[in-house]
Protein chains: 4
Amino acid sequence: MKKFVDLNSDLGESFGTYKIGLDEEVLKYVSSANIACGWHAGDPVVMRKTVEGALKNGVAIGAHPGFPDIMGFGRRNMTVSPDEMKQYTIYQLGSLYGFVKATGGKMQHVKPHGAMYNMAGKDARLARAIIEGIWEVDSNLIVLGLAGSELVNAAVEKGLKAANEVFADRAYNSDGSLVPRSLPGSMITDKKIAISRVLRMVTEGKVTAINGEDIDINVDSICVHGDNLEAVEFVRLIKEELFKAKVEIKPLNQFIK
Amino acid sequence: MKKFVDLNSDLGESFGTYKIGLDEEVLKYVSSANIACGWHAGDPVVMRKTVEGALKNGVAIGAHPGFPDIMGFGRRNMTVSPDEMKQYTIYQLGSLYGFVKATGGKMQHVKPHGAMYNMAGKDARLARAIIEGIWEVDSNLIVLGLAGSELVNAAVEKGLKAANEVFADRAYNSDGSLVPRSLPGSMITDKKIAISRVLRMVTEGKVTAINGEDIDINVDSICVHGDNLEAVEFVRLIKEELFKAKVEIKPLNQFIK
Amino acid sequence: MKKFVDLNSDLGESFGTYKIGLDEEVLKYVSSANIACGWHAGDPVVMRKTVEGALKNGVAIGAHPGFPDIMGFGRRNMTVSPDEMKQYTIYQLGSLYGFVKATGGKMQHVKPHGAMYNMAGKDARLARAIIEGIWEVDSNLIVLGLAGSELVNAAVEKGLKAANEVFADRAYNSDGSLVPRSLPGSMITDKKIAISRVLRMVTEGKVTAINGEDIDINVDSICVHGDNLEAVEFVRLIKEELFKAKVEIKPLNQFIK
Amino acid sequence: MKKFVDLNSDLGESFGTYKIGLDEEVLKYVSSANIACGWHAGDPVVMRKTVEGALKNGVAIGAHPGFPDIMGFGRRNMTVSPDEMKQYTIYQLGSLYGFVKATGGKMQHVKPHGAMYNMAGKDARLARAIIEGIWEVDSNLIVLGLAGSELVNAAVEKGLKAANEVFADRAYNSDGSLVPRSLPGSMITDKKIAISRVLRMVTEGKVTAINGEDIDINVDSICVHGDNLEAVEFVRLIKEELFKAKVEIKPLNQFIK
């Protein structure tokens, strides 16, 4: 039985005058922060503040690169080439690295955002392009991707450390992929059910797919959200329930080797 | 008498489909490359290619951060705050650092671009903000700024290595500042005169200001351009004349301590 | 004694996933909407929705062009040329015109945003550039600018209809200009005082400047905000007090000739 | 036998300091200009200049809307929603309309650019979204699309005037679609062959597909390029050969009803 897991959240998504996310609250609960790098969200002032917030709260820092589409929040697929994907990854990793270095911090991981995450989860060529970019910048970084995805496969293939992410609020297909948000039943809206699913994924490595079938799932990290007070309260609750189940929350770098 | 000088040029200014500058040609002549970081010019694919080109030609690499204004090529003053200036510097330094690390290179220097360069040349608060950003990322970097400017002053004050830049094709005021491009006589269009001025600046540390007065000028690096074949030919010529005058071209890191 | 005044508000400032402003609430109270055109805020989907909201609420529509600086929300001065200022105005006017035409609406006015508003308020050349752009697109549009500013002067000079705007929450210098936000006392934070100032400006054409002096002020429109519930409540209150004072709220096109 | 055809070219693609295309040359030969609207290329200063150039040369003006992806020149598919597609079309149409109105011109047509053109050529939902946007702004505009594409179908279905475009330098599949650039044989590089194909398409309404089969093709307009001197020379040549074949070049609005 698993005794620990990472809690990660997408942070630093505010942009100029535009505010998104209760980052200060979320930073109290999570162990790893995926910090936007100014392409789909975030800006240098926000990145600085978010890196400092993570350091202050003892939260491990990760880069959260996305597509150059702030109008679409990086959620729209773009047919970039593998070379573009690779250089976009390096650029954004580097930009966050600037702030990590400036504040005396350390970068733990990389998790692509939105459409970049989804495309790299299914397309091995794009996955490898991202992995090459990460590898070239720092081969000690951990890659955080959808459990069982092409991105995780490519990381393992290259020799990069990889961590498997699950979602508390999403339904799974029987092949381990996420049920697309556009389909009915894709979101687990009942909090009690969501939490019991998370606990089972962490402690048993199993989850019930949307077709009723029990499937194996590998969990290193749980993705949580901080968009509003309700979301933050849910994060607090998950943490409490994990604590009761004697599952420790710790950042990826303490157990991914 | 000075026996060496650095030749620097702004490179990597192409953007997507848009091409600017004969970078491959210019890289044959200069010793230091100021590489655009995607804010006023450049993009990740261009940055990668430019960093690789510099490495191949043995040209030292520098970051060339600018304002977030690609429509204005970073040449338009923007009233950013010192904190914005600082974080914008860190972001762009970091982004180039990504490519430098990915290619096994080393970053030598930082030279702000266009309006950022001009504003930081005159405004001590903005100059200090940039210098703090550079210092926090890497206190071994050399700051390349207008000879005698606030940027160079702020670097020295902070303990960063600083290099003084002169322009072959620009007229100087008697206080050592550049005559604004909008004024008559601001550009030295006669190549022979430009070259003899450069030689005198390098070997005697003197230049004739626009009012006819001879002034002292400190030269560590000469800024040259590669916009077109004529500009590149001029770079070749300067290099030839410096060679004849027994002035060696070498990158800043070989003599700025 | 004045019997009517326009109430205007900056609307449609949301951008992609980023939400700003309680537009639906504010539209219930104001008579004129300044709609962002996607350069400093807003996007096409937001513009469409905002134009439709204005039409539904019988609120007159105006374009709110700004600088190409969404990261700075158009609040940072940029040294654009008069020609750039003119073409930027035409572009943004046109873009909003697209939605106005698509929805069967009518455009009433133009009010530049933020730094564009401030720069054009003081610099006659830039003011004239904006006015020329507006004139060329539609010489029936009303220009809404700071009471007594260069923008209003340039409109009058060109023969465009002009409307004078005042701010309920800002202090005035004795020359009629706004006290910069950076100075103490620039904001009128006491709501009762703000409202009594507004009433006096509208009914007597007078306001007490920051130095205690009473000055004349020309009021066609009052600028109000809808950033949060408190701001919206203040708009409701102003409207109520104007009603009590028998001042009718009506859009500019009903009284500016 | 056809006695006339339109020659169209994508123009106004320069952006700030970045120059693309020999627009002044091309404007001497074509009858219709597709003018970029600042999203995938172009900026307000360039749009103004291009509209004026078209007017001066008696070339009909069309809007050339594209995706918000200047880094990718609008050539990368983006998974936008039909509503986004529609509002993006209205925004860009409107922006060009601003310049057309400012210069006393008239807008003749709309031709989507790059990935927007390709996606709308195959996806009926996206095609209809664009067509609705155009219809709402001005139901007299002509839609210029790939001969036989969904975009042309959607225009006809809605009651908008539609014009069929062919490419001199591209190979066709036997179903009338273009052979993708990524496949061998997709480009017709031999100028003589390209011109004889164009002449046959115009005068006989036939073209030989890549599999050798003769197919019917409907030609209202021929797309030509002005990227370099060689391209412009090819335009001149096509025009000359059409003249010899007694085919008149005239803008779409003179024959599309």
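Calculation rules
Residues numbered from 1 in each chain as written. Chains lettered and ligands numbered in written order. Predicted model: local features only at pLDDT ≥ 70, side-chain atom pairs only at ≥ 80, totals over all residues. Heavy atoms only, no water. Helix = DSSP H or I, 4+ residues; strand = E, 2+ residues; numbered from the N terminus. Rg over C-alpha atoms; globule rule 2.2 N^0.38 Å. Buried < 20%, exposed > 50% of the residue type's maximum accessible area, 1.4 Å probe, protein only. Contact = heavy atoms within 4.5 Å. Lys, Arg positive; Asp, Glu negative; His and termini not counted. Charge placed at Lys NZ, Arg CZ, Asp CG, Glu CD. Least-squares fit on C-alpha atoms with pLDDT ≥ 70 in both. Phe/Tyr/Trp six-rings, centres within 6.5 Å; stacked < 30°, edge-to-face > 60°. Lys NZ or Arg CZ within 6 Å of the ring centre and 35° of its normal. Buried area = accessible area lost by both parts, 1.4 Å probe. Salt bridge = Lys/Arg side-chain N within 4 Å of Asp/Glu carboxyl O. Polar contact = N/O pair within 3.5 Å; in protein donor to acceptor, adjacent residues only side chain to side chain. pLDDT = per-residue confidence, 0-100. Axes fitted to C-alpha atoms, helices over the stretch in contact; angles between N-to-C directions. Parallel < 35°, antiparallel > 145°, perpendicular 65-115°, else oblique. Left-handed = near helix turned anticlockwise from the far one by under 90°. Nonpolar A, V, L, I, M, F, W, Y, C, P; charged D, E, K, R; others polar. Arc of directions from axis to C-beta. Pairing = 2+ DSSP bridges. Right-handed = clockwise from strand over helix to strand, strands pointing away. Disulfide = S-S within 2.5 Å.

A. Summary view of the overall build of chain A. The helix and strand tally for chain A stands at eight helices and 10 strands. For 257 residues, the compact-globule estimate of 2.2 N^0.38 gives 18 Å, and the C-alpha radius of gyration of chain A, at 17 Å, lies within 12% of that figure. Dimensions along the principal axes, computed over C-alpha positions, put chain A at roughly 40 × 35 × 35 Å. For chain A, the residues scored as buried account for 61% of the 257 residues in total. Of the contacts made within chain A by residues no fewer than 6 positions apart, 71% connect residues no fewer than 24 positions apart. When the 31 basic and 32 acidic side-chain charges of chain A are each reduced to a single mean position, those positions are 4 Å apart.

B. Seen up close, the relation of the copies chain B and chain A. Take chain B, turn it by 180 degrees, move it 0.0 Å along the axis, and it overlays chain A with an RMSD of 0.0 Å. What we have between these two chains is a two-fold relation. An overlap of 100% is found between the interface residues of chain B and their copies at the interface of chain A, pointing to a shared contact surface.

C. The arrangement of the packing of aromatic side chains in detail. Summed over all chains, the structure comprises 30 aromatic pairs over all chains. Taken together, a centroid distance of 6.3 Å and an interplanar angle of 85 degrees make the contact between C:Tyr117 and C:Phe167 edge-to-face. Here the residue C:Tyr117 occupies a position in helix α4 (residues 114–122), and C:Phe167 occupies one in strand β6 (residues 161–167), the gap between them amounting to 50 residues. You can call C:Tyr117 buried: its relative accessible area is 8%. Through a chain of ring-to-ring contacts, the aromatic side chains of A:Phe15, A:Tyr18, A:Phe73, C:Phe15, C:Tyr18 and C:Phe73 assemble into a single cluster. The ring centre of B:Tyr117 lies 5.8 Å from the NZ or CZ of B:Lys111, which sits over that ring.

D. Spotlight on the interface of chain A and chain C. Taken together, the contact between chain A and chain C spans 16 residues of the former and 16 residues of the latter. A buried area of about 1,200 Å², summed over both sides, lies between chain A and chain C, and 73% of it is on carbon and sulfur atoms. Among the residues chain A hides against chain C, the three largest losses belong to A:Thr17, A:Tyr18 and A:Met71. Together they make up 54% of the total. Between chain A and chain C we count zero salt bridges in total. Inspection of the region where chain A meets chain C yields two residue pairs in polar contact (both at pLDDT 80 or more).

E. The pattern of salt bridges, seen in detail. This model, assessed by the stated rule, comprises 72 salt bridges over all chains. One salt bridge connects A:Glu136 with B:Arg48, and the closest N-O pair in it is separated by 2.8 Å. Linking A:Glu136 in helix α5 (residues 124–137) with B:Arg48 in helix α2 (residues 44–56), this pair reaches from one chain into another. Notably, a salt bridge pairs B:Glu132 with B:Lys86, separated by 3.2 Å at the nearest N-O pair. A residue pair is termed long-range when its members are at least 10 positions apart, and B:Glu132 in helix α5 (residues 124–137) and B:Lys86 in helix α3 (residues 82–102) qualify at 46 residues. Taking the relative accessible area as the measure of exposure, B:Lys86 reaches 10% and is therefore buried. Several salt bridges converge on common partners, so that one network encompasses A:Arg48, A:Glu52, B:Lys86, B:Glu132 and B:Glu136.

F. Summary view of the confidence of the model for chain A. On average, chain A scores 96 in pLDDT, and the residues at 70 or more come to 99%. Reported confidences for the modelled complex are a pTM of 0.97 and an ipTM of 0.96.

G. Quick look at the packing of helix α2 (residues 44–56) of chain D against helix α3 (residues 82–102) of chain D. Residues and elements named next belong to chain D. Remark: α2 packs on α3, axes separated minimally by 10 Å, with the N-to-C direction vectors making an angle of 45 degrees. The angle between the axes of α2 and α3 places the two elements in the oblique class. Here the hand of the crossing between α2 and α3 comes out right-handed. Contacts from Pro44, Met47, Arg48 and Val51 in α2 reach Ser95, Leu96, Phe99, Val100 and Ala102 in α3. By residue class, the composition of the contact of α2 with α3 is seven nonpolar, one polar and one charged.

H. Geometry of helix α6 (residues 150–158) of chain C. Residue and element names in this part refer to chain C. Turning to α6, its buried residues number three or more, namely Leu151, Val152, Ala154 and Ala155. Down the axis of α6, the smallest arc covering the buried residues is 160 degrees, so these residues share one side. In α6, the exposed residues that point more than 90 degrees away from the buried face are Val156 and Glu157. Glycine 159, located one to two residues past α6, shows a positive phi value of around 95 degrees.

I. The arrangement of the side chain of D:Ser31 in detail. Residue and element names in this part refer to chain D. Tracing the backbone shows serine 31 in the loop between α1 (23–26) and β2 (32–36). The exposure class of serine 31 is buried, given its relative accessible area of 5%. A polar atom in the side chain of serine 31 sits 2.6 Å from the side chain of aspartate 6. In this structure the side chain of serine 31 is engaged in a polar contact, spanning 2.8 Å, whose partner is the backbone nitrogen of leucine 7. Those residues in contact with serine 31 that sit more than four places away from it in its chain are Asp6, Leu7, Val59, Ala60, Ile249, Lys250 and Pro251.

J. Spotlight on unusual backbone geometry. Notably, A:Phe73 is not glycine yet its phi reads approximately 55 degrees, a positive angle. Looking at where A:Phe73 falls in the secondary structure, it is placed in the loop between β3 (60–64) and α3 (82–102). Of note in the backbone geometry, C:Lys246 takes a positive phi value of approximately 60 degrees without being a glycine. Residue placement: C:Lys246 occurs in the loop between α8 (229–244) and β10 (248–249). Residue C:Lys246 is classed as exposed on the basis of its relative accessible area of 65%.

K. The arrangement of the interface of chain B and chain A in detail. With 24 residues of chain B at the contact, the number on the chain A side is 24 residues. Surface buried jointly by chain B and chain A totals about 2,000 Å² across both partners, of which 66% is contributed by carbon and sulfur atoms. Area buried by chain B at its contact with chain A is led by B:Pro44, B:Gln87 and B:Tyr91, which between them contribute 29% of it. Counting across the chain B and chain A interface gives two salt bridges. Across the chain B-chain A interface, the total number found is eight residue pairs in polar contact (both at pLDDT 80 or more).

L. Region of interest: the pairing of strand β6 (residues 161–167) of chain A. Residues and elements named next belong to chain A. For β6, the buried fraction is high: six of the seven residues fall into the buried class. In terms of strand pairing, strand β5 (residues 142–146) meets β6 through five bridges, oriented parallel. By the bridge assignment, glycine 145 is partnered in β6 with asparagine 164. Between the parallel pair β5 and β6, the chain is carried across by helix α6 (residues 150–158), and the sense of this crossover is right-handed. In this structure, β6 lies alongside strand β9 (residues 221–224), joined through three bridges in parallel fashion. Note that in β9 the partner of glutamate 165 across the bridge is serine 221.

M. Geometry of the state of the cysteines. Evaluated as defined, the whole model comprises zero disulfides over all chains. In this model D:Cys37 remains outside any disulfide bridge; the closest cysteine sulfur is found in C:Cys37, 15 Å from its own.

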